[in-house]
Every structure is written in C-alpha cells, then in structure tokens.
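Listed here are the chains, written in short residue letters.
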Amino acid sequence: MTISVGDKLPNVTLVKATAEGPEQVQASDYFAGKKVALFSVPGAFTPTCSAKHLPGFVEKASELKAKGVDEIVGTAVNDAFVMGAWNSAAGSDDITMLADGNGDFADGVGLTMDGSGFGMGKRGQRFSMVVNDGVVEQLNVEAPGDFKVSSAEHMLDQL
C-alpha cells in the first residue's frame, strides 16, 4: 500500500552519507521534530536525477528553508558511498543524502519500481514529500518517465 498524506513514515534504518563515513539512522528519530523536504530518485548519477532533480533542490534550497523547511533530504536505492559521491559531485551542503541501500524505505512507503529492464533491479520511484515531525504533509509521485510534480519548484508552490 502506498503511503498517503497524514501517514507516519515507516521506521526503517537509512544510512546518512557523512564526511566521516556512513552513519545509520532510524527514520522515526531522524525525522522527529523537524520539517523536511524529501525527494527520492531512481538512482544517483542517472540522467534526469543528475540533470534536473538534484540541481533543482540545490538551487531552491534557500527558498525552501525560507518557507519553513528545516532540512532537505535526498534518497535513492543506492549505498551511502554513492549517495555521498553524488552530493559531492552535484549537490551541496544544503542537501543531506540518506541511502536506502536495501530499498527498505521505498518498500515501506509503497513506492518501488522495477528497473530490471535497465539492469538496475528494484528501485524507489521518483517522488517528493514534505514531512513534518515524521508525518507526510505533501506527497508528489511522478508518473513513469515524468519529472514535474516531484521538483523543488512544485514543492515551493505547495509550501
């Protein structure tokens, strides 16, 4: 079942990419007490994700924070080393990368996709959400192949 507005995020373990190396975090603890702009991509370094999705959140970070967002989080079914390298290559200090290496978060929110045809296996769909104290306030799920409603620009209009 797909997560809905008003639902709590699943309490799964994610891995935060840090300068000191991977750090395991529990979703219930990590998202507690703050407003988070979260975006999910099928994979770090993939074309739309690198050319549009991440750059939009980098570019709009100050505007999102001015509208009450405490933290901007990117996630994908990749390991923390890949997520950290992606943020170093194309992101910014305004973005926190949380790796969903086993796809537990994508499974928990019911937003997985099958990328086997591209040699990618199970992945998270492209989506974004505003999460307030661990509860979904806005949910924007893209149709396959689209990039519209999960963008930073769309999220700004929702805040």
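Since the model is a prediction, treat every value here as computed from it, not as a measurement.

Undergrad: Now, about the overall build of the protein: what can you tell me, with residues and values included?
TA: Secondary structure summary: the protein contains 6 helices and 9 strands in total. Relative to the 2.2 N^0.38 estimate, which gives 15 Å for 159 residues, the radius of gyration of the protein is 14 Å and therefore close to what a compact globule would have. Dimensions of the protein, computed from the C-alpha atoms along their principal axes, are close to 40 × 35 × 30 Å. For the protein, the proportion of contacts with a sequence separation of at least 24, taken over those separated by at least 6, is 62%. Entry remark: accessible area of the protein is about 7300 Å², with carbon and sulfur atoms responsible for 48%. Looking at the protein, you have 12 positive and 21 negative side-chain charges, and the mean spots of the two groups are 4 Å apart.

Undergrad: Give me the lowdown on the side chain of Asp 100, citing residues and values where you can.
TA: Checked against the element boundaries, Asp 100 lands in the loop between β5 (95-99) and α5 (104-108). Looking at Asp 100, its side chain comes within polar contact range of the main-chain nitrogen of Phe 105, at 2.9 Å.

Undergrad: Lay out helix α4 (residues 80-90) with the relevant residues and their values.
TA: Listed in full, the buried residues belonging to α4 are Ala 80, Met 83, Trp 86 and Asn 87. Along the axis of α4, the buried residues cluster in a sector spanning 125°; they form a single face. Of the residues in α4, the exposed ones pointing more than 90 degrees away from the buried face are Phe 81, Ser 88 and Ala 89. N-capping of α4 is provided by Asp 79, with a side-chain oxygen placed 2.9 Å from the backbone N of Phe 81.

Undergrad: Run through the layout of surface pockets, naming residues and quoting values.
TA: Of the pockets and cavities examined, the largest pocket occupies roughly 400 Å³. Contributing to the lining of the largest pocket are 18 residues, with Pro 42, Met 113, Arg 126, Pro 144 and Gly 145 lying nearest its centre. Of all the secondary structure elements, the ones that give two or more residues to the lining of the largest pocket are α2 (47-59) and β6 (112-114). Broken down by element, the lining of the largest pocket gets its largest block of residues, 4 residues, from α2.

Undergrad: Could you give an account of the sheet that holds strand β8 (residues 127-132), with specific residues and numbers?
TA: The strand order across the open sheet formed by 7 strands is β2-β1-β5-β4-β3-β8-β9, and the pairing between neighbours is mixed. Two strands lie at the open edges of the sheet, namely β2 (21-26) and β9 (135-141), each paired on one side alone. With strand direction ignored, the average angle separating the axes of adjacent strands in the sheet is 30°. Across 6 bridges, strand β3 (residues 35-40) lies against β8 in antiparallel orientation. The residue of β8 that forms the bridge with Lys 35 is Asn 132. α4 rests against β1 (13-18), β2, β4 (71-76) and β5 of the sheet, and its axis sits at about 160° to β5.

Undergrad: How would you sum up the environment of Lys 35? Please name residues and give values.
TA: With respect to the helices and strands, Lys 35 occurs in strand β3. Judged by relative accessible area, which is 18%, Lys 35 ranks as buried. As for Lys 35 and Val 135, which are separated by 100 residues in sequence, their C-alpha atoms are 9.2 Å apart. Every residue in contact with Lys 35, bar those within four places of it in the chain, is listed here: Gly 68, Val 69, Asp 70, Glu 71, Val 130, Val 131, Asn 132, Glu 137 and Leu 159.

Calculation notes
Residues numbered from 1 in each chain as written. Predicted model: local features only at pLDDT ≥ 70, side-chain atom pairs only at ≥ 80, totals over all residues. Heavy atoms only, no water. Helix = DSSP H or I, 4+ residues; strand = E, 2+ residues; numbered from the N terminus. Rg over C-alpha atoms; globule rule 2.2 N^0.38 Å. Contact = heavy atoms within 4.5 Å. Areas by Shrake-Rupley, 256 points an atom, 1.4 Å probe, with all protein chains shown as cover. Lys, Arg positive; Asp, Glu negative; His and termini not counted. Charge placed at Lys NZ, Arg CZ, Asp CG, Glu CD. Polar contact = N/O pair within 3.5 Å; in protein donor to acceptor, adjacent residues only side chain to side chain. Buried < 20%, exposed > 50% of the residue type's maximum accessible area, 1.4 Å probe, protein only. Arc of directions from axis to C-beta. 1 Å grid on protein atoms, 1.4 Å probe; cavity = no way out; pocket = protein on both sides within 12 Å on 5 of 7 lines; lining within 4 Å. Points joined across faces, edges and corners; volume = space filled by probe spheres on them. Pairing = 2+ DSSP bridges. Axes fitted to C-alpha atoms, helices over the stretch in contact; angles between N-to-C directions.

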